[in-house]
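Coordinate inspection notes
What follows is each chain in one-letter form.
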Amino acid sequence: MEIAIDTFWSQVLERLQLKLSRPTFEAWIKTSTPEELTDTALVLRTANPFAKNWLQKYYMPTIVEVVHDILGHPVEIQIKFVPGADGIGSDDAELFYPFTIDSAPSEPLAPQATNSDLNSKYVFSRLVVGPNNRMAHAASLAVAESPGREFNPLFLCGGVGLGKTHLMQAIGHYRQEICSTANIFYVSTEKFTNDLITAIRKDNLQSFRDHYRAADVLLVDDIQFIEGKEYTQEEFFHTFNTLHEAGRQVVLASDRPPNQIPRLQERLCSRFSMGLIADIQPPDLETRMAILQKKAEYENMRLPREVVEYIASSYVSNIRELEGALIRAVAYISIAGLPMTVENIAPVLNPPVEKVEASPEAVISSVVEALGVSAEDLKGSSRRREISVARQIGMYLMRQHTDLSLPKIGEVFGGKDHTTVLYSCEKMKDLKENDPNMAQTLRQLSDRINLASQARK
Ligand SMILES: Nc1ncnc2c1ncn2[C@@H]1O[C@H](COP(=O)(O)OP(=O)(O)OP(=O)(O)O)[C@@H](O)[C@H]1O
């Protein structure tokens with residue numbers, strides 16, 4: 001009997017959903033599509049190369065069994081991934097966890113074994129997956145399902161508040177669920193260092209070593225803070241080697257890739273880079289909206305779409321700040337007894353960052369320090385891309401943080417015309433709204449200027 005491909009696939013999904021865990025189903029199966037079904041073959045297309053690998057390696061027998069059951073005869077199953085055809089990298093790529101504001105939140109995975117090192121909220125099911133973190137999510141899930149195999153270490157890197165800790169701890173929770181006796185250690189680099197210092201002080205180095213080397217999965221957060229700590233690096237090197245050689249999984253999180261961590265021993269740098277470096281970018285508007293919606297669902301809040309869009313547009317580069325803004329807005333609305341509208345929440349959200357008046361010198365030196373150009377470059381006329389972008393950023397920030405007129409700003413930048421200053425300001429304003437990376441850079445620079453200026457007051 002002939003069966004329509006859509007009907008067939010819904011039946012497959014229905015059955016696989018019962019056989020597989022939710023994150024596995026959501027990440028690997030639900031994102032795949034059947035491309036062709038004949039009497040003898042089924043061709044499946046996956047959403048990313050990880051999914052192809054993973055389905056082939058670990059889920060083929062389950063898929064074969066389910067397909068056989070539905071069709072009543074065996075077929076050959078081919079799994080393929082076509083780069084570019086899946087929406088990876090495209091702006092409108094769909095999210096892994098579709099949900100609507102009116103639906104009840106789906107249950108987070110109930111951990112069967114709890115681990116007091118881990119925050120119970122940082123599970124895969126609470127994480128929104130968008131184009132910004134899709135690869136990091138897929139790699140984390142792969143590591144959680146099959147630690148110590150392919151990506152060892154997994155090095156998660158990305159800016160502040162973008163979900164590195166969340167992903168890392170989700171690996172820990174998921175692994176602990178699969179294997180309740182596994183030793184899952186989550187530790188900040190600071191705690192690792194402090195434990196080491198205490199062990200040395202108490203002349204107890206062996207028990208420190210025994211402890212960390214007993215990990216089945218070692219999750220180390222903020223590894224960039226190991227920079228320059230020679231003794232910690234030495235000890236971590238040996239811990240890392242022992243675990244790696246024994247096929248145990250190491251996951252590291254950092255705000256920058258290993259080769260950009262200053263004063264990191266070469267041998268550690270090369271070890272940190274030998275697995276997979278998965279970066280997390282600032283989320284786009286659609287993903288930010290999805291994050292707010294998901295958060296609201298878990299808190300049992302109903303948010304009008306325009307409110308979600310308004311908050312998501314105001315906070316671009318840090319998900320922690322985005323969540324903080326939502327909490328502030330909700331608290332204000334409930335205390336004031338007002339309806340949840342954009343007009344009502346605007347006063348507590350705007351401006352997200354207080355602007356502090358700064359001197360032109362403070363702006364210049366912040367740009368120089370952060371972007372690695374010289375003051376002469378900023379005042380000169382070089383058209384090299386990194387210099388001209390730094391100059392435009394400097395002009396924009398000077399407009400934001402000082403009272404100088406456009407011609408005066410032009411003077412500070414080595415006698416540029418006021419139309420050049422205006423053009424730079426407009427361009428940066430536009431990029432700030434549309435380019436999450438630039439928004440993050442401008443935000444960090446603004447924070448730096450604020451801090452420097454407050455310190456001087
Ligand atoms: N994709 C996401 N979906 C839902 N929530 C997210 C997502 N990414 C981050 N968050 C939430 O944002 C907050 C900050 O995330 P997290 O602490 O993991 O960031 P981080 O990158 O480790 O930050 P830091 O650099 O400060 O250590 C957390 O509450 C986390 O749950």
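Under the annotation held in an unreviewed UniProt entry, the chain carries the name Chromosomal replication initiator protein DnaA and is attributed to Myxacorys almedinensis A. Regarding the chain, the relevant UniProt record gives this comment under Sequence similarities (unreviewed entry): "Belongs to the DnaA family."

Moving on, we get to the overall build of the chain. Across its full length, the chain holds 19 helices and eight strands. Taking all 457 residues of the chain together, 38% fall into the buried category.

All right, on to the packing of helix H16 (residues 385-401) against helix H18 (residues 418-434) then. The N-to-C vectors of H16 and H18 enclose an angle of 90°; their axes lie 8 Å apart at closest approach. Accordingly, the angle class assigned to the pair H16 and H18 is roughly perpendicular. Residues Gln392, Ile393, Met395, Tyr396 and Arg399 of H16 pack against Val421, Ser424, Cys425, Lys427 and Met428 of H18. Considered class by class, the residues forming the contact of H16 with H18 number six nonpolar, two polar and two charged.

With that settled, consider the site of the ligand. Around the ligand, the surrounding shell holds 18 residues, and the nearest of these are Gly163, Lys164, Thr165, His166 and Ile319. When residues of the shell around the ligand are traced back to their parent elements, those giving at least two are helix H5 (164-178), helix H10 (285-298) and helix H12 (319-336). By residue class, the composition of the shell around the ligand is six nonpolar, six polar and six charged.

Residues Leu156, Ile171, Val251, Ile311 and Leu322 are the most contacted members of the largest nonpolar core, which totals 82 residues. Among the elements that make up this core, the one with the highest residue count is helix H4 (residues 134-145) (seven residues). Those residues within four positions of isoleucine 171 in sequence are excluded, and the remaining contacts are Ser140, Val143, Ala144, Val217, Leu219 and Val251.

Another aspect to go through is the pairing of strand S4 (residues 154-158). Along any regular strand the residues' side chains alternate between the sheet's two faces. Counting buried residues in S4 gives five out of five residues, a clear majority hidden from the surface. Where burial is concerned, the two faces of S4 agree: the one with Leu154, Leu156 and Gly158 and the one with Phe155 and Cys157 are both buried. By the bridge criterion, four bridges tie S4 to strand S7 (residues 249-254) in an arrangement that is parallel. Bridge pairing links phenylalanine 155 to leucine 252 in S7.

Bringing the environment of isoleucine 449 into the picture now. When you line up the elements, isoleucine 449 lands in helix H19 (residues 436-456). Given 26 C-beta atoms within a 10 Å radius, isoleucine 449 is considered buried. For the pair isoleucine 449 and alanine 358, spaced 91 residues apart in sequence, the C-alpha separation works out to 7.0 Å.

If you walk across this open sheet you meet the three strands as S1-S2-S3, and the pairing is mixed. What marks the edges here is a single partner per strand, and that holds for strand S1 (33-37) and strand S3 (76-80). Averaged over all neighbouring strand pairs, the angle between strand axes comes to 25°, with direction disregarded. Sheet topology note: the S1/strand S2 (residues 41-45) ladder contains four bridges and is antiparallel.

This next bit is on the sheet that holds strand S6 (residues 217-221). One open sheet accounts for five strands, arranged S5-S6-S7-S4-S8; its pairing is parallel. Unpaired on one side and paired on the other, strand S5 (184-188) and strand S8 (276-280) mark the two borders of the sheet. Each adjacent strand pair in this sheet contributes to an overall mean axis angle of 15°, direction not counted. Two elements, S4 and S8, share five bridges in a ladder whose sense is parallel.

Moving on, we get to helix H11 (residues 305-314). Taken as a whole, H11 has its buried residues at Val307, Val308, Tyr310, Ile311 and Ala312. For H11, the secondary structure elements touched by its buried residues are H10, H12 and helix H13 (342-349).

Right, let's get into the pairing of S2. Burial along S2 is one-sided: the face carrying Leu42 and Leu44 is buried and the face carrying Ala41, Val43 and Arg45 is not. The turn joining S1 and S2, which pair antiparallel and follow one another in sequence, is formed by three residues. Of the pairings in the sheet, the one linking S2 to S3 comprises five bridges and is parallel in character. Bridge assignment links arginine 45 to a residue of S3, and that residue is lysine 80.

The subject of this paragraph is H5. Across its 15 residues, H5 extends 22 Å between first and last C-alpha, which sits within 8% of the 21 Å expected from 1.5 Å per residue. Burial within H5 is extensive, with 14 of its 15 residues counted as buried.

Per the UniProt record, the feature "binding site: ATP" (unreviewed entry) sits at Gly161, Gly163, Lys164 and Thr165. With near-sequence residues (within four places) excluded, lysine 164 lies in contact with Leu156, Gly158, Ala253 and Ile280. Topologically, threonine 165 is positioned in helix H5. Filtering out sequence-adjacent residues up to four positions away, threonine 165 remains in contact with Tyr122, Asp221 and Ala253.

Two elements in contact, H10 and H12, have axes separated by 10 Å at closest approach and are oriented at 50°. As summarised for this structure, H10 and H12 are arranged oblique, according to the angle between their axes. The hand of the H10/H12 crossing is right-handed. Judged by residue contacts, Arg288, Ile291, Leu292 and Lys295 of H10 engage Ile319, Leu322, Glu323 and Leu326 from H12. Class assignment for the residues of the contact of H10 with H12 results in five nonpolar, no polar and three charged.

Following the sequence through the fold, leucine 338 ends up in the loop between H12 and H13. Not counting chain neighbours up to four residues away, the residues in contact with leucine 338 comprise Ile333 and Asn344.

Definitions and limits used
- Residues numbered from 1 in each chain as written.
- Predicted model: local features only at pLDDT ≥ 70, side-chain atom pairs only at ≥ 80, totals over all residues.
- UniProt positions renumbered as here; feature names shortened; annotations may be inferred.
- Helix = DSSP H or I, 4+ residues; strand = E, 2+ residues; numbered from the N terminus.
- Buried ≥ 20, exposed ≤ 12 C-beta atoms within 10 Å, placed from the backbone.
- Axes fitted to C-alpha atoms, helices over the stretch in contact; angles between N-to-C directions.
- Parallel < 35°, antiparallel > 145°, perpendicular 65-115°, else oblique.
- Contact = placed C-beta atoms within 7 Å.
- Nonpolar A, V, L, I, M, F, W, Y, C, P; charged D, E, K, R; others polar.
- Near = placed C-beta within 6 Å.
- Core = buried A, V, L, I, M, F, W, Y, C linked by C-beta atoms within 7 Å.
- Pairing = 2+ DSSP bridges.
- Expected span 1.5 Å × (residues − 1).
- Left-handed = near helix turned anticlockwise from the far one by under 90°.

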